[in-house]
Amino acid sequence: MSGPVLVTGAAGLIGTWLRGGLPERGWAVRSLDVVPIPDTRPGEEQVVADVTDLAAMVEATRGAAAVVHLAGLPTEDTWPAISHANIGGTYATLEAARRSGAERVVLASSNHAAGYAPRPAEGLLTEDDAGHRPDTYYGVSKATMEALGSLYADRYGMDVVCLRIGSAIPQPTTVRHLATWLSPTDTVALVDAALRAPSPGFAVVWGVSDNTRRWWDLTAAQALGYRSRDDAEVYAAAVIAAHGEPDPDDPVLTRVGGEFTTEAFDADRVEARQAQQSGREEP
Ligand code: 15L
C-alpha cells in the first residue's frame, strides 16, 4: 500500500496511541479530528474536519492508502446525536474512501454491538455466535457500522475490517476489565494487523488482549496476524483487592456489554441526565 493511513478521531485516546505506534510500524499517518492536534509528530499530516462532512472527508482521504475510523461518540447518547455522529460519520468515511480509492477501511466497532449476548458458561464466544445484540443506541450504531462495512465490501470490493473493541484503556480498573481489556500496545498491534492482512475482504474480530479471564475468541483476529502481548491478569490482585472477588451473578459480568446492559444506561435516563446537566426542563 502506498500513501498515508488516514486516522479519524485522531485526537482521542486510541487515536493518540495510533499516532505514536503506527509510524513505529512503518505507516505514515494523516490525522483527522474536529479539533486541532497541538503535538503532531514529524512527518504526521493533519486535517481539521468533521467526519460527517462528506466533501471534507473525500478531500481528506485523497491519496490515502487506508482509513482507520475511530471518530464518533464513545458511549450512550441521544438517538439524534448517535445517529448523526456515529452512523452519519461511518457512512461518510466509507463513501469517502470509495470515492478516493482507498481500498481498505478499519472500523472501530465495539463489544456493545453484541452487548446483550450472554457471557458463555464455558469456552470462548466467537464474533458469529455473539451476532448483533446491541445494548444501547451506541451499540446499534456499532452494529450499523458493521452492516455498512459489509455493504461496502460486498458492493465495491473494498477490504473492511471491523474491530469489536473491548475496553481500550491504559490499564484495567474494574473486575470486568480483567476480561475485556485491550492494552495500548495490543491496540496498535491489532490495527497494524488489520491494515496489513492480505485481502481480508470483510471481517469482524474481537479487539481484546490475551487476558487469562477473557470471554472472547481470538481466532479470527489471529487469522489477520494479530498477536497479543498483554494479559490483564498482572493487574488482577490489585483490582480484586480494590473491588472484591468477582460475583459471577453480577449483571455486569453476565453479558458482553457489562454496565451498558443495566438500567442506568437506558436511553431515557441518559437523556434525562443530560437535560438536567444542561439545565433544561424535562417534559
Ligand atoms: C466502548 O465501546 C466504549 O467506548 C468505552 O467507553 C467502554 O465502555 C468500552 O466499550 C467497554 O465496554 O468497556
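Report on the accompanying structure.

Basis of the calculations
Residues numbered from 1 in each chain as written. Predicted model: local features only at pLDDT ≥ 70, side-chain atom pairs only at ≥ 80, totals over all residues. Heavy atoms only, no water. Core = buried A, V, L, I, M, F, W, Y, C linked by side-chain atoms within 4.5 Å. Buried < 20%, exposed > 50% of the residue type's maximum accessible area, 1.4 Å probe, protein only. Helix = DSSP H or I, 4+ residues; strand = E, 2+ residues; numbered from the N terminus. Contact = heavy atoms within 4.5 Å. Near = heavy atom within 4 Å. Polar contact = N/O pair within 3.5 Å; in protein donor to acceptor, adjacent residues only side chain to side chain. Areas by Shrake-Rupley, 256 points an atom, 1.4 Å probe, with all protein chains shown as cover. Nonpolar A, V, L, I, M, F, W, Y, C, P; charged D, E, K, R; others polar.

**Here we look at the nonpolar core**
Most often, soluble globular proteins have nonpolar side chains that are buried together. Residues Val7, Leu18, Leu22, Val68, Leu163, Leu195 and Tyr226 are the most contacted members of the largest nonpolar core, which totals 52 residues. When residues of this core are assigned to their parent elements, the largest contribution, seven residues, is made by helix α7 (residues 184-196). In this structure Tyr226 touches Leu182, Asp186, Ala189, Leu190, Ala193, Val208, Ser209, Leu218 and Ala221, once residues within four positions along its chain are discounted. Judged by nonpolar contacts, the second largest core, of 26 residues, contains Leu94, Ala96, Met145 and Val204.

**What about the environment of Gly131?**
By the secondary structure assignment, Gly131 is in the loop between α4 (127-130) and α5 (137-156). Judged by its relative accessible area of 22%, Gly131 falls in the partly exposed class. As a C-alpha pair, Gly131 and Gly115 span 16 residues in sequence and 9.7 Å in three-dimensional space. When sequence neighbours within four positions are dropped, the list of residues in contact with Gly131 reads Ala113, Ala114 and Arg164.

**With respect to the site of the ligand**
Neighbouring the ligand are Pro74, Ser110, Asn111, His112, Tyr138, Gly166, Ser167, Arg176 and Phe260. The separation between an oxygen atom of the ligand and a polar main-chain atom of Pro74 is 2.6 Å. A distance of 2.7 Å is found between an oxygen atom of the ligand and a side-chain nitrogen or oxygen belonging to Tyr138. In isolation the ligand has 320 Å² of accessible area, and contact with the protein removes 72% of it. The residue makeup of the shell around the ligand, split by class, is three nonpolar, five polar and one charged.

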